[in-house]
Amino acid sequence: MGEDNKPPSLNDLGERLRAAREHRRADRQHEQSLSGGPPGMSGLGWALRVGVEMVSAIVVGVGIGYGLDWWFGTKPWFLVVFFLLGSAAAMMNVYRSAMGYGLAVGYKKPEKDGEEQESATQGNSAGNSGGVGSGSSSGNEDGER
Amino acid sequence: MASPIEQFKIQPIVPIKLGELDLSFTNSALAMVITVAAASLFLALGARRRALVPGRWQVMSEMAYEFVANMIRDNVGDAGRRYFPYIFTLFMFILIGNLLGLIPGAFTFTSHIIVTLGMALTVFVAVTLIGIFKHGLHFFSFFVPSGVPALMMPLMIPIEVISYLSRPVSLSIRLFANMMAGHTMMKVFAGFVVPLGAATFGIGGLAPIAMDVALTGFELLVAFLQAYVFTVLTCLYLNDALHLH
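1. Observations concerning the overall build of chain B
1) Next: Looking only at helices and strands, chain B has six helices and four strands in total.
2) Next: Each helix and strand of chain B, placed in order from N terminus to C terminus, yields the pattern β-β-β-β-α-α-α-α-α-α.
3) Next: Each of the three principal axes of chain B carries a C-alpha extent, and together these read 75 × 55 × 45 Å.
4) Next: Looking at chain B as a whole, 31% of its 245 residues are labelled buried.
5) Next: In chain B, the share of contacts with a sequence separation of at least 24, taken over all contacts with a separation of at least 6, comes to 62%.

Right under this line is the structure:
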């Protein structure tokens, strides 16, 4: 806006907004492909989340096992069994969040849901940029240079 | 020098004893009351004017509102609208609690696992009950993974149940661990300032101060991010209970 003192036209503004949005979306996709996690999350955040996911399942498994042992007086057996089950659940939690299935237990149709989400976000952003840029489809090349 | 974890100590302000029960009004409770008051004040100030062209307060409270409303719409869909008040309250409570906890000398109640576990268990029980009321016994098909041979079921169902029960634990540990680790780290670096400065005529003290400045910015991000993560996971759990894949 510094080259000439004329205020930018609405068309110009729409074009720039659209460019910025595109840029941001590309950035976000790049980030996502880097971290492998869900959008808007750094690699460290993602690692922390997976770690917590894993620890909590083992904690619950060991807790259940210890409680049952205490209840029935069968000292190590339930603890051993539920520790193993808890570890399996931990692996499953990690697998699910790593594969982007969400954190859902009993997740049935990951492909369909993923598609839905993707199309929803795409539709959203497309709607946004369309709404802003609809009036600025032509004749705004000379504004910037 | 104060210990880095002394900031998490719970001290009674108004001691109340009910028989064996210790119901004292503590600094943690005081922090929660201040948080609720701040959140109410923030939204009441924002909603006072109701201008078509909003002022600063109104923009901020509208942003908070829209942020949570969009989160619910994206993650739960239209069926989630009824639960907006609860999720919005949860978000504001955690967010403002985290942010107020960053004020030097203030108490961060989200750095106590019993607080976060209480919130997570409330969410967990509520979501489970919603699922059961909505789907009846069909809700328990949730624990039966698809595409698994019948022979494996006795093994898979307990694993799924444990995985489900681990939700409130992971939800509470995530928030508590992030807040506690961040505040401990800040205090540890702050503890270096005086000894290092005294040993090097004040020059060495600048490095931990710079680190603490950077950490404060980082903690602001974490405060927001953890409030967001807690609410977004609540939305995902609610979505599971409402739609049962």
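Read on, since the account is not over.
2. A closer look at the packing of helix H3 (residues 84-101) of chain B against helix H6 (residues 206-243) of chain B
Residues and elements named next belong to chain B.
1) Next: Running from N to C, H3 and H6 cross one another at 160 degrees; their axes reach a closest spacing of 8 Å. Considering their axes alone, H3 and H6 lie roughly antiparallel with respect to each other. Judged by the sense of rotation from one axis to the other, the crossing of H3 with H6 is right-handed. Residues Ile 87, Leu 90, Phe 91, Ile 94, Leu 95, Asn 98 and Leu 99 of H3 form the contact with H6, whose own contacting residues are Ala 223, Phe 224, Gln 226, Ala 227, Phe 230, Thr 231, Thr 234 and Cys 235.
2) Next: Broken down by class, the residue content of the contact of H3 with H6 amounts to eleven nonpolar, four polar and no charged.

3. A look at the interface of chain A and chain B
1) Next: Taken residue by residue, the interface counts 24 residues in chain A and 23 residues in chain B.
2) Next: Broken down by secondary-structure element, the contributors of at least two residues to the side of chain A that touches chain B are helix H2 (43-72) and helix H3 (75-98) of chain A.
3) Next: At ten residues, H2 of chain A tops the list of elements feeding residues into the side of chain A that touches chain B.
4) Next: Its residues assigned to classes, the side of chain A that touches chain B shows 13 nonpolar, seven polar and four charged.

4. Re the nonpolar core
1) Next: Ala 57 and Ala 89 of chain A together with Phe 91, Leu 95, Ile 162 and Phe 230 of chain B are the most contacted members of the largest nonpolar core, which totals 49 residues.
2) Next: Counting only elements with at least two residues in this core, the list comes to H2 and H3 of chain A together with helix H2 (56-75), H3, helix H4 (113-135), helix H5 (153-199) and H6 of chain B.
3) Next: With residues up to four places along the chain from it excluded, the contact list for Ile 162 of chain B reads Ala 57, Val 60, Gly 61, Leu 85, Gly 86 and Ala 89 of chain A.

Basis of the calculations
- Residues numbered from 1 in each chain as written.
- Chains lettered and ligands numbered in written order.
- Predicted model: local features only at pLDDT ≥ 70, side-chain atom pairs only at ≥ 80, totals over all residues.
- Helix = DSSP H or I, 4+ residues; strand = E, 2+ residues; numbered from the N terminus.
- Buried ≥ 20, exposed ≤ 12 C-beta atoms within 10 Å, placed from the backbone.
- Contact = placed C-beta atoms within 7 Å.
- Axes fitted to C-alpha atoms, helices over the stretch in contact; angles between N-to-C directions.
- Parallel < 35°, antiparallel > 145°, perpendicular 65-115°, else oblique.
- Left-handed = near helix turned anticlockwise from the far one by under 90°.
- Nonpolar A, V, L, I, M, F, W, Y, C, P; charged D, E, K, R; others polar.
- Core = buried A, V, L, I, M, F, W, Y, C linked by C-beta atoms within 7 Å.

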